[in-house]
Amino acid sequence: HVQLVESGGGSVQAGGSLRLSCVASGYMYATYCMAWFRQAPGKEREGVAAIILGDPTTYYADSVKGRFTISQDNAKNTLYLQMNSLKPEDSGTYYCAATRQRWCPIHDANGYNLWGQGTQVTVS
């Protein structure tokens, strides 16, 4: 079974940058969409960015447009999230998610059935 492992989180100053990685082990055949979600303590998990694999059509939350970029490296089975111009409100645990259903939402975390363990991002 496919397993997702995130890395690249850390603590940065406001205005700084981080690149998150999500490595997929196992078979990714028929996976349609992958996405990044984030969750701050006491808040709902919210969608950040999503990508239709092999397309690559991308979607972004309004709050990160122009600052974040989602991308895929097929050869490495890796999903990336490049985060620039970070703000304190970007802080939270970032999760990589995947679905085989033919949809690619950033508004509904329940639409994804495969999740990584998360990586912490703190912006101060």
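This text follows the structure it describes.
Residues numbered from 1 in each chain as written. Predicted model: local features only at pLDDT ≥ 70, side-chain atom pairs only at ≥ 80, totals over all residues. Heavy atoms only, no water.

Undergrad: Explanation requested: the sheet that holds strand β7 (residues 68-73) in the structure shown.
TA: Note: strands within a sheet are paired through backbone hydrogen bonds, in either parallel or antiparallel orientation. Pairing is antiparallel in the open sheet, where 4 strands are placed in the order β1-β3-β8-β7. With partners counted over all chains shown, the strands left at the sheet margins are β1 (3-7) and β7, one partner each. Each strand axis lies, on average, 15° off the axis of its neighbour in the sheet, ignoring direction. (Pairing = 2+ DSSP bridges. Helix = DSSP H or I, 4+ residues; strand = E, 2+ residues; numbered from the N terminus. Axes fitted to C-alpha atoms, helices over the stretch in contact; angles between N-to-C directions.)

Undergrad: Just checking my understanding: could you explain the nonpolar core for this structure?
TA: One recurring pattern in soluble globular proteins: nonpolar side chains tend to sit buried together. With 29 residues, the main nonpolar core has Leu4, Met34, Trp36, Leu81, Met83 and Tyr94 as its most contacted residues. Those elements that provide at least two residues to this core are β3 (18-25), β4 (33-39), β5 (46-52), β7, β8 (78-83), β9 (92-99) and β11 (119-123). If one sorts the elements of this core by residue count, β3 sits on top with 4 residues. Each residue touching Leu81, except ones within four places of it in the same chain, is listed here: Leu18, Arg19, Leu20, Trp36, Val48, Ala49, Phe68, Thr69, Ile70 and Tyr94. (Core = buried A, V, L, I, M, F, W, Y, C linked by side-chain atoms within 4.5 Å. Buried < 20%, exposed > 50% of the residue type's maximum accessible area, 1.4 Å probe, protein only. Contact = heavy atoms within 4.5 Å.)

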